[in-house]
Amino acid sequence: MSLQQLKKSLQNYNDNKEDWALIRKAYSFALNAHAGQKRVSGDSYITHPLGVANILAELELDVVTIITGLLHDVLEDTSVSYDEIEQEFGDEVASLVNGVTKLSSMEFRSKEEHQAETWRKMFVAMARDIRVILVKLADRTHNMRTLRHLNSAKRRETSRETLDIYAPLAHRLGIYKIKWELEDLAFRYLNEKEYYNLVDKLAKKRKEREEFINEMINDLQGGLEEAGINAEISGRPKNIYSIYNKMKEQQKDFEEIYDLTAIRVLVDNVKDCYGALGVVHSLWRPIPGEFNDYIAMPKPNMYQSLHTTVVCAKNELLEVQIRTWEMHRTSEYGIAAHWRYKEKVRDDKEFEEKLSWLRQLLEWQQDMKDAHEFMEHLKIDLFTDEVFVFTPRGDVIDLPSGAVPIDFAYKIHTDIGNHCVGAKVNGRIVPLDYKLKTGDIVEVITSKNGFPSRDWLKIAISSQAKSKIRSWFKKERREENIAKGKDALERDIRRLQLEPRLLLKNQLLEEVGRKFNLLSPEDVYAAVGYGGVSSQQIISKLREEYHKHFGEEREQRAPVELKPWTGAAKAAQGVRVEGIDNLLVRFSRCCNPLPGDEIVGFVTRGRGVSIHRQDCVNIVGMNRDDARFLNVYWDTESAASYPVEIEITGMDRPNLLADVLHAVSESKVNISAVNARTTRDKMSVLHLTFVVRDLEHLEFIMNKIKQVKDVFSVNRFTGGSASSTEKRAP
């Protein structure tokens, strides 16, 4: 790569001598800054920024972006300061260079956290100026072209990141020219054997394939000329990685993949696009379901084209792409093709709409503290596959592949998502975990009494929806989240045979909380409660901090050895009172405790010991040091059964009650009471009372009911109200 090559690339679209003088100045500045530095290959370091600048010039970007490409490493790899760049080239260039620079000066606990924080900074910079990521993509493209000089482990690591993040990002920006090159280069280093195997096979079939394509082009050219359509037709071989993916997804051998080459038809206007489509379909038989109109319904990355797959001579499949010259330019250069236009029109609303997905990425990433979770969701949101669905009014909504109605609801509006209780697809009621398909017409059913379920976090696909769900639980249910989080931590600590009171000290919780940007012990409990961080992550850090301050943890104190139960009262069956026999014991109706619940005994006047759940509303806040509170335990040897009441809500429809009763009867339990009613908003509320062995048995039955069609929630009913912790989406 030389300076003359860069000049030649620039002059293809910009012959302004003043612009070239600025680029030469930036080149000299970078050359001096990197003086004496070498790449791993042994080449002078300046060859890299020069290569990056040339890629940006090939994308026909503005002078500021090309200068940024020349200077993109000076902040990170040289002694040059931000102020020096600003003084020499202005604040616009300095800001762009800073946006591209990695966070090398900060300390991180892991490589993944370093990567996550680097991308966070990148997206913030992208929101201000999209050219940041264009420079970063050019930087990665040049690095991939010279990757052979690195060791095997580094090649694989860089290629994996390229395939997971950079290639999908190029797709999102519509820069297919960069996307295909990145995919093939990464595939080459990740799976060298498969890559060269496909290269050999393609080379062997090349002559035969070219003859076939030339024959089809001649036939189509004749048909278009007859129709009076001026067009340029060419063959476009598919990139190697896309062929490999197709073989893997369809479980086919190379010989079974017929559409290795697509024909591209470039015409003058949109009218001719549809006219050319008619000619194609008159010459060859189209395959049903293999036609996509991306002109009427453009992709979010601005891509427009008509795609159709037809059966040609010898029953071979052929993909035909039809577009205008302007559409073709956009398909090659994506967002970069529109940048110079935006330079002239600063308030281009259409341009800003094309970057709406970036705003959404910024929105959800702000609340995501865990580096691993951030990187996983980033890969999902940048993944290339998308589905396009319609609102009842005909608006097109793009969602990630595998999206469900919950994702659709939150994409429309946060309040619609928060009050969603059901959905209709193509006029038919579907469960909220229904996988949406391109072309579906989706209608969200809302209720003012509806609210998110924690199970939605497992159902939703898009990071936007998950972020909104977490945000709702974080804001609306703080007290509940704190209690739920504390219970989860105590339960999981006990499973490790440790004592909760040792690990759940405020001092330790505050120190661990700081690592997750949580300011107080209550914030830690709440974060666990609403799913912002897992209890396992918190416990792991708590143990580390405990070891630092106090040494090894002591194991949890075993319960006092109790005498065998000898009491005669039937109500006492299944419960032991610590150190005391023959007491009158009864289960409180306000919370209906079951084996598996944490329980406490309370001495009543004239009615013996009343057994309550630890979280029962009637005893929460009471002084547990009161002598009337007794330690009680479940008798694990008992075979007793216990009555329990649950509340089920669902869509009011015929046979809903029958389907629910059938699900319960399959679990072989006795139903002792049934009550059902219909609300004003056409919802059914069912109350069932039946007998179970323990909490695990109850959860098994509730899960069976949750699988019934049109059931929205299944809750344990205690003391006149249903616990919301069990709520779920259909």
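What you see is a predicted model, and the numbers here were worked out from it, not measured in a lab.

(A) Representation of the overall build of the chain in the model. The helix and strand inventory of the chain stands at 30 helices and 21 strands. The proportion of buried residues among the 730 residues of the chain is 52%. Counted over contacts in the chain with a minimum sequence separation of 6, partners at least 24 positions apart contribute 65%. Within the structure as shown, the chain displays about 35,900 Å² of accessible surface, and the carbon and sulfur contribution to it stands at 46%.

(B) Region of the structure containing the pattern of salt bridges. This model, assessed by the stated rule, comprises 11 salt bridges. Taking the shortest distance from any N to any O, the salt bridge between Glu60 and Arg329 comes out at 2.9 Å. Placement of the pair is Glu60 in the loop between helix H3 (47–58) and helix H4 (63–71) and Arg329 in helix H15 (residues 325–333), with a sequence separation of 269 residues. Between Arg653 and Asp659 there is a salt bridge, with its nearest N and O atoms 3.0 Å apart. Counted as one network, the salt bridges with shared partners bring together Asp62, Glu92 and Arg131.

(C) Layout of helix H20 (residues 405–412). Taken across its eight residues, H20 has six buried, putting it largely inside the fold. Among all positions of H20, only Pro405, Ile406, Asp407, Phe408, Ala409 and Tyr410 are buried.

(D) Examining the sheet that holds strand E14 (residues 609–613) more closely. Across the sheet, four strands lie side by side as E12-E14-E13-E15; this open sheet has mixed pairing. Here the strands that pair on one side only, and so sit at the sheet edges, are strand E12 (585–587) and strand E15 (629–630). Bridge count for strand E13 (residues 599–603) against E15 is two bridges, and the pairing is antiparallel. Considered in E15, the bridge of Gly601 is made with Leu630.

(E) Structural context of a negative patch on the surface. On the surface, a cluster of negative charge is made up of Asp83, Glu84, Glu86 and Asp91. It is helix H6 (residues 82–89) that contributes the most residues to the negative patch, three residues altogether. Relative to the helices and strands, Asp83 resides in helix H6.

(F) Summary view of the environment of Lys435. Looking at the element boundaries, Lys435 is found in the loop between strand E9 (428–430) and strand E10 (442–446). For Lys435, a relative accessible area of 47% corresponds to the partly exposed category. Between the C-alpha atom of Lys435 and that of Pro405, which follows or precedes it by 30 residues, the distance is 7.8 Å.

(G) Seen up close, the nonpolar core. Judged by nonpolar contacts, the single largest core of 69 residues is most densely connected at Leu6, Ile23, Ile66, Leu71 and Ile85. In contact with Ile66, other than residues within four places in its own chain, are Leu6, Leu10, Tyr13, Ile23, Ala53, Leu56, Ala57 and Leu61.

(H) Layout of the packing of aromatic side chains. Tallied over the full model, the rule gives 10 aromatic pairs. Look at Tyr176 and Tyr303: their rings are 5.4 Å apart centre to centre, the planes differ by 65 degrees, and that puts the pair in the edge-to-face class. Of this pair, Tyr176 sits in helix H11 (residues 176–190) while Tyr303 sits in the loop between strand E3 (285–293) and strand E4 (306–311), placing them 127 residues apart in sequence. For Tyr176, a relative accessible area of 6% gives the class buried. According to the relative accessible area criterion, Tyr303 is buried, its value standing at 6%. With 5.7 Å between their ring centres and 0 degrees between their planes, Phe451 and Trp472 make a pair best called stacked. In this pair, Phe451 sits in the loop between E10 and helix H22 (456–459) while Trp472 sits in helix H23 (residues 463–476), placing the two residues 21 residues apart along the sequence. Judged by relative accessible area, Phe451 falls into the partly exposed class, the value being 25%. What links up through ring pairs into an aromatic cluster is the set Phe187, Tyr195, Tyr196, Tyr241 and Tyr244.

(I) Fine view of the packing of helix H12 (residues 192–226) against helix H13 (residues 240–250). Two numbers describe how H12 lies on H13: the axes approach to 10 Å, and their chain directions differ by 100 degrees. What the angle tells us is that H12 and H13 run roughly perpendicular. Residues Glu194, Tyr195, Leu198, Val199 and Leu202 of H12 pack against Ile240, Ile243, Tyr244 and Met247 of H13. Residues of the contact of H12 with H13, tallied by class, amount to eight nonpolar, no polar and one charged.

Criteria and cut-off values
Residues numbered from 1 in each chain as written. Predicted model: local features only at pLDDT ≥ 70, side-chain atom pairs only at ≥ 80, totals over all residues. Heavy atoms only, no water. Helix = DSSP H or I, 4+ residues; strand = E, 2+ residues; numbered from the N terminus. Buried < 20%, exposed > 50% of the residue type's maximum accessible area, 1.4 Å probe, protein only. Contact = heavy atoms within 4.5 Å. Areas by Shrake-Rupley, 256 points an atom, 1.4 Å probe, with all protein chains shown as cover. Salt bridge = Lys/Arg side-chain N within 4 Å of Asp/Glu carboxyl O. Pairing = 2+ DSSP bridges. Patch = residues over 30% accessible without salt bridge, like charges linked within 9 Å, V, L, I, M, F, W, Y side chains within 5 Å. Lys, Arg positive; Asp, Glu negative; His and termini not counted. Charge placed at Lys NZ, Arg CZ, Asp CG, Glu CD. Core = buried A, V, L, I, M, F, W, Y, C linked by side-chain atoms within 4.5 Å. Phe/Tyr/Trp six-rings, centres within 6.5 Å; stacked < 30°, edge-to-face > 60°. Axes fitted to C-alpha atoms, helices over the stretch in contact; angles between N-to-C directions. Parallel < 35°, antiparallel > 145°, perpendicular 65-115°, else oblique. Nonpolar A, V, L, I, M, F, W, Y, C, P; charged D, E, K, R; others polar.

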